[in-house]
Amino acid sequence: INPGVHSLYTVGTDGMGRRRVTDGQYSDYSPQWSPDGNLILFTQSLASYKFFGDRTPEERQLVAASAEIMVLNLEDGTKMPITQNDFQDLDPSWNADGSEIFYLQDDGQRKTFFRQTLDETDAIAVADGDVVSHPRLPYRTRLSPNGRFLAYHKEVNGVYGIYIYDLELEQERRLVGASTE
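Bear in mind that the values here come from a model prediction, so they are computed numbers and not experimental data.

Peer 1: So what exactly am I meant to see when it comes to the pairing of strand β14 (residues 171-177) here?
Peer 2: Two faces belong to every sheet, and in a regular strand the side chains alternate between them. Pairing of strand β13 (residues 159-166) with β14, which is carried by six bridges, proceeds in the antiparallel orientation. Bridge pairing links Y165 to E172 in β14. Connecting β13 to the antiparallel partner β14 that follows it, the hairpin turn spans four residues, and E170 within it adopts a positive phi of roughly 55°.

Written as structure tokens, this is what we have:
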């Protein structure tokens, strides 16, 4: 068993036809189907052959910094990197028509949402850099079905809440959580 290595698989709705679609050389996770079903957006990081709790702080940092956003074309099996940097890029999602992707980048100080098209190399920062997830809670950023809002949780003055960011108006609003005022 390789505790730090995760591959992506497809399987039929009847549970048959299981097929591994990534090679197991890296740890692949957080898959998201494109709206047309031809591509899979996912996070890929260095494989670690240790359980998380058994890794040294340096090993944890190395694996985190290696996390990049990738797109897999299911027709020909090619992978295309969306990000290539020394930051932790994670939690990717598609917009409603598949023309843009959104992901969270953690540079060790701040967590910032980015928007990017598949044919562009430069991402655009959206929302603020104060998106902070509690260390024991998973990242769960989600784009609304109409593509207008990002939903996420963050900490403000020690209080955690669920927020939405209106991509059209470029405004954030707290939905759930104690008021910090």
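Peer 1: Would you mind going over helix α1 (residues 57-65) with me for this structure?
Peer 2: One turn of an α-helix holds 3.6 residues; hence residues three or four places apart share an orientation. Turning to α1, its buried residues are V63, A64 and A65. Where the residues of α1 are buried, they touch β4 (39-46), β5 (68-73) and β7 (88-94).

Peer 1: It is not clear to me how the pattern of salt bridges should be interpreted in this structure. Could you clarify?
Peer 2: Should their charged atoms come close, side chains of opposite charge can pair. Here the structure, examined in full by the defined rule, presents three salt bridges. With its nearest N and O atoms 3.5 Å apart, the salt bridge here joins E100 to R115. With E100 in strand β8 (residues 100-106) and R115 in strand β9 (residues 111-117), the pair connects residues that are 15 residues apart, well separated along the chain. Ionic pairing is found between R148 and E168, a salt bridge with its closest N-O pair at 3.8 Å. Here the residue R148 occupies a position in the loop between β11 (142-143) and β12 (149-156), and E168 occupies one in the loop between β13 and β14, the gap between them amounting to 20 residues. Sharing partners across several salt bridges, the network here consists of R148, D166 and E168.

Peer 1: For this particular structure, what's the right way to read unusual backbone geometry?
Peer 2: Excluding glycine, a negative phi dihedral is what most residues carry, and trans is how most peptide bonds are arranged. Its identity is not glycine, yet S30 carries a phi of approximately 55°, on the positive side. Tracing the backbone through its elements, the reader meets S30 in strand β3 (residues 26-33). Judged by its relative accessible area of 27%, S30 falls in the partly exposed class. In this structure, E170 takes a positive phi of about 55° despite not being glycine. Inspection of the secondary structure puts E170 in the loop between β13 and β14.

Cut-off values and rules
- Position labels on residues start from 1 in each chain and follow its written sequence.
- At least 70 in pLDDT is required for a residue's local features to be given in this predicted model, at least 80 for side-chain atom pairs to be given and counted, and no such filter applies to totals for whole chains, interfaces and linings, which use all residues.
- The side-chain values count all of the structure's non-hydrogen atoms but skip hydrogen atoms and water molecules.
- Pairing between strands requires that DSSP locate at least two bridges from one strand to the other.
- For the purposes of this entry, the term helix denotes a DSSP run of H or I that reaches at least four residues, the term strand denotes a run of E that reaches at least two, and both are numbered from the N terminus.
- Burial classes follow relative accessibility: with a 1.4 Å probe on protein chains only, a residue under 20% of its type's maximum area counts as buried, one over 50% as exposed, and anything between as partly exposed.
- Residues are treated as being in contact if the distance between any of their heavy atoms lies within 4.5 Å.
- We define a salt bridge as a contact between a side-chain nitrogen of Lys or Arg and a carboxyl oxygen of Asp or Glu at a distance within 4 Å.

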